[in-house]
Amino acid sequence: MFRKGLIIVVCGPSGVGKGTLLSEVLDSSENMRFSVSATTRAPREGEIEGVDYFFKTHAEFEKMINDDELVEWVKYVDNYYGTPGKPIEASISSGTDIVLDIEVEGAQHIKKKYPDSVLIFIFPPSLEELKKRIEKRGTENVGEIEKRLIRAKVELSYVKKYDYVVINDDKGEAINEIKSIILSEKLKVERNSDLIEKFN
Ligand code: 5GP
């Protein structure tokens, strides 16, 4: 029986560790891909064009908006970020699950457009720990860290809008929790499709 690809949206404030959790979940999952966003932010050391992001100038990004290439986009701490639409549609229709690492406003847009998408919110153990993790990453200056922390407080207030919340205290446990959420959602979709087929 054919099952459509699942859209899994993972949110959480900057520094919470989404990237690390997701790369481990992706590495150990079959038939799942990562949605590569477009951004005007400068690449961080080690980030690869087309793998981590599609790095764009402001003019290029605005062209993508005007050409309707993005299913959602936001301005986040002085830069644009957006999700290209074609890979999402291609994944759903080919039965490949797709994971999005995006912020809260974008997640709401996705849920509205794709009501079957699964929203997972990653929470830090505390705000102090979040600050420590951003500082330890060492990729932002003091002003940017401050802006990201202010934004983090706003993002954390969106928690009620999520289907699932995972606290990233112990990395291994958080990874297992995310995997079991995805597995149970897949089983749910399969069971529902079976029932629809049976009673049609
Ligand atoms: P960073 O600069 O740390 O890579 O990302 C900053 C924030 O932007 C993160 O919360 C990340 O999840 C979010 N983000 C990345 N890509 C997108 C996107 O395509 N759309 C939206 N709405 N947020 C994104």
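Residues numbered from 1 in each chain as written. Predicted model: local features only at pLDDT ≥ 70, side-chain atom pairs only at ≥ 80, totals over all residues. Heavy atoms only, no water.

Caption draft 1: Quick look at the site of the ligand. Neighbouring the ligand are 16 residues; R41, Y53, E72, Y81 and D101 lie closest to it. Between an oxygen atom of the ligand and a main-chain N or O atom of G82, the distance comes to 3.0 Å. Residue I102 places a main-chain N or O atom 3.5 Å away from an oxygen atom belonging to the ligand. For the ligand, the protein covers 96% of the area, taking 510 Å² as the surface of the free molecule. Looking at the shell around the ligand, the elements with two or more residues in it are β5 (70-76) and β6 (79-84). Of the residues assigned to the shell around the ligand, the class counts are five nonpolar, four polar and seven charged. (Near = heavy atom within 4 Å. Polar contact = N/O pair within 3.5 Å; in protein donor to acceptor, adjacent residues only side chain to side chain. Areas by Shrake-Rupley, 256 points an atom, 1.4 Å probe, with all protein chains shown as cover. Helix = DSSP H or I, 4+ residues; strand = E, 2+ residues; numbered from the N terminus. Nonpolar A, V, L, I, M, F, W, Y, C, P; charged D, E, K, R; others polar.)

Caption draft 2: Layout of the environment of I196. By the element assignment, I196 lies in helix α7 (residues 171-198). Taking the relative accessible area as the measure of exposure, I196 reaches 55% and is therefore exposed. Along the sequence, I196 and I92 sit 104 residues apart, while their C-alpha atoms lie 19 Å from each other. (Buried < 20%, exposed > 50% of the residue type's maximum accessible area, 1.4 Å probe, protein only.)

Caption draft 3: Seen up close, the packing of aromatic side chains. With the rule as written, the count across this model stands at seven aromatic pairs. Ring centres of W73 and Y80 lie 5.6 Å apart, and the angle between their planes is 80 degrees; this geometry places the pair in the edge-to-face category. The partly exposed category is assigned to W73, whose relative accessible area is 37%. Ring centres of F121 and F123 lie 5.6 Å apart, and the angle between their planes is 50 degrees; this geometry places the pair in the tilted category. (Phe/Tyr/Trp six-rings, centres within 6.5 Å; stacked < 30°, edge-to-face > 60°.)

Caption draft 4: Spotlight on the sheet that holds strand β8 (residues 118-123). Taken together, the five strands give an open sheet; going across it, the order is β2-β7-β1-β8-β9, and neighbouring strands pair in parallel fashion. Each end of this open sheet is capped by a strand with a single partner; those strands are β2 (32-34) and β9 (164-167). Looking at each pair of strands side by side, their axes are set apart by 25 degrees on average, direction ignored. Alignment of β2 against strand β7 (residues 97-101), held across three bridges, turns out to be parallel. Along β7, the bridge assignment pairs F34 with V99. Strand contacts of helix α3 (residues 85-94): β1 (7-11), β2 and β7, with the helix running at about 150 degrees to β7, the strand carrying the most contacts. Where helix α4 (residues 104-113) meets the sheet, its contacts fall on β1, β7 and β8, and the angle it forms with β1 comes to roughly 160 degrees. (Pairing = 2+ DSSP bridges. Axes fitted to C-alpha atoms, helices over the stretch in contact; angles between N-to-C directions. Contact = heavy atoms within 4.5 Å.)

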